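Spelled out from the first residue to the last, the chains are:
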Amino acid sequence: MKSLTINQYSTIHALVSGVFDGMFKISEISHGGSFGIGCSHALAGEMIALDDTYFEIQGAGNIRQLTDHEQLPFAQLTHFNPDDQFPVSHISKQDIYSKLSAQTNIDNIFVAIKIEGLFENVWFRRTNHQEKPYKPFIEAIAEQSEETLHDISGVMIGFWTPEHFQGISVAGIHLHFIDDARKNGGHVFGFQLKNGLLSYEMKQDVKIHLPNKNEYLNTDIKVSDLDDIIKRSEG
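Residues numbered from 1 in each chain as written. Predicted model: local features only at pLDDT ≥ 70, side-chain atom pairs only at ≥ 80, totals over all residues. Heavy atoms only, no water.

Per an unreviewed UniProt entry, the recorded name for the protein is Alpha-acetolactate decarboxylase, and the organism is Xenorhabdus khoisanae. Note on the protein: under the UniProt heading Catalytic activity (unreviewed entry), the record states "(2S)-2-acetolactate + H(+) = (R)-acetoin + CO2". Per its UniProt entry, the protein bears the Sequence similarities (unreviewed entry) comment "Belongs to the alpha-acetolactate decarboxylase family." (UniProt positions renumbered as here; feature names shortened; annotations may be inferred.)

Now the structure itself:
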């Protein structure tokens, strides 16, 4: 059965405000979908959910499968059943909007995205594990690991979010990458695709699941310079 819902656990506002502790067990949020992105407890790495498996891509580049009892501070998940797919070649991250817009008007709706193929290069980052008391978000991501890989096959998944939902989610194109060997990946800053397949699914609903733990309930999540912080952290 097709689902038009993205299940989002916590908000970007909360993450930027320093709510880094895991709040949602994998065993619980897996009901919300097996396709998506997020980050792991204490910003220890980037999360990518694919084929009913939840991977943590750590700052040092190690990849491991997350277990059911582990918890995440933030995630976006859905059940992915593409509306359409088409071959693409010689495109970059900046081209995705125009490619999707050529198919349908996406300005006011969410879209789940999957790009698989051979990449000329992928530039990505991975967050590094933070210790309590946690640093401010902007300082924590200053310690992130960046890497560019060349001539690599893999898959990118993520979401298009309309501009007016900035802060709830990350407006624009937000993608994570994992290679076919499941050896490397991270949050995508940019890429050049040689050739591959772009699949997408329009999503009409976003269901926000907020934490009920004290760290979230007692945190001031008002962020005056949110747009700037997101731009600096998301690439």
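That covers the picture; the talk isn't over yet.
(A) Inspection of the pattern of salt bridges at higher detail. Scanning the model with the defined rule gives ten salt bridges in all. Residues glutamate 201 and lysine 2 are paired through a salt bridge, measuring 2.9 Å at the closest nitrogen-oxygen approach. Placement of glutamate 201 in strand S13 (residues 185-203) and of lysine 2 in the segment before strand S1 (5-9) is noted, with a sequence separation of 199 residues between them. The exposure class assigned to glutamate 201 is buried, which follows from its relative accessible area of 0%. (Salt bridge = Lys/Arg side-chain N within 4 Å of Asp/Glu carboxyl O. Helix = DSSP H or I, 4+ residues; strand = E, 2+ residues; numbered from the N terminus. Buried < 20%, exposed > 50% of the residue type's maximum accessible area, 1.4 Å probe, protein only.)

(B) Representation of the packing of aromatic side chains in the model. Taken as a whole and assessed by the stated rule, the structure comprises twelve aromatic pairs. Each ring, one from phenylalanine 86 and one from tyrosine 200, has its centre 6.4 Å from the other, and the planes form 65°; the classification is edge-to-face. Here phenylalanine 86 is found in strand S9 (residues 84-92), whereas its partner tyrosine 200 is found in strand S13, with 114 residues between them in sequence. By the burial criterion, phenylalanine 86 is buried, and tyrosine 200 matches it. Taking the centre distance of 5.7 Å and the plane angle of 85° together, the rings of phenylalanine 119 and phenylalanine 191 count as edge-to-face. Within this pair, whereas phenylalanine 119 is found in strand S10 (residues 110-126), its partner phenylalanine 191 is found in strand S13, the two being separated by 72 residues in sequence. (Phe/Tyr/Trp six-rings, centres within 6.5 Å; stacked < 30°, edge-to-face > 60°.)

(C) Just the pairing of strand S12 (residues 172-179), in detail. In terms of burial, S12 is largely enclosed, as eight of its eight residues are buried. Relative to S12, strand S11 (residues 145-161) runs antiparallel, the two being bridged by eight bridges. For glycine 158, the partnering residue across the bridge sits in S12 and is leucine 175. Where S12 meets S13, three bridges bridge the pair, whose relative direction is antiparallel. Bridge pairing links isoleucine 178 to glycine 185 in S13. Hairpin connection of S12 to S13: five residues between the antiparallel strands, including arginine 182 at a positive phi of 55°. (Pairing = 2+ DSSP bridges.)

(D) Molecular detail of a nonpolar patch on the surface. A grouping of Ile168, Ile208 and Leu210 is seen on the molecular surface, where their side chains present a nonpolar patch of about 230 Å² in accessible area. Locating leucine 210 in the fold gives a position in the loop between strand S14 (205-209) and helix H5 (214-217). Of the residues examined, leucine 210 reaches a relative accessible area of 47% and is grouped as partly exposed. (Patch = residues over 30% accessible without salt bridge, like charges linked within 9 Å, V, L, I, M, F, W, Y side chains within 5 Å. Areas by Shrake-Rupley, 256 points an atom, 1.4 Å probe, with all protein chains shown as cover.)

(E) View of the environment of histidine 164. Tracing the chain through its elements places histidine 164 in the loop between S11 and S12. For the pair formed by histidine 164 and asparagine 108, sequence separation is 56 residues and the distance between their alpha carbons is 8.5 Å. In this view, histidine 164 contacts Asp107 and Asn108; residues no more than four positions away in its chain are not counted. (Contact = heavy atoms within 4.5 Å.)

(F) Fine view of the environment of glutamate 163. Among the structural elements, glutamate 163 can be located in the loop between S11 and S12. Taking C-alpha positions, glutamate 163 is 8.3 Å from asparagine 108, a pair spaced 55 residues apart along the chain.

(G) Up close: the pairing of S13. Burial analysis of S13 places 15 of its 19 residues in the buried class, the great majority of the element. Bridge count for S9 against S13 is eight bridges, and the pairing is antiparallel. Bridge assignment links aspartate 84 to a residue of S13, and that residue is tyrosine 200. As judged from the 15 bridges shared by S10 and S13, these two strands associate in the antiparallel manner. In the sheet register, isoleucine 115 faces S13, and the bridge partner there is leucine 198.

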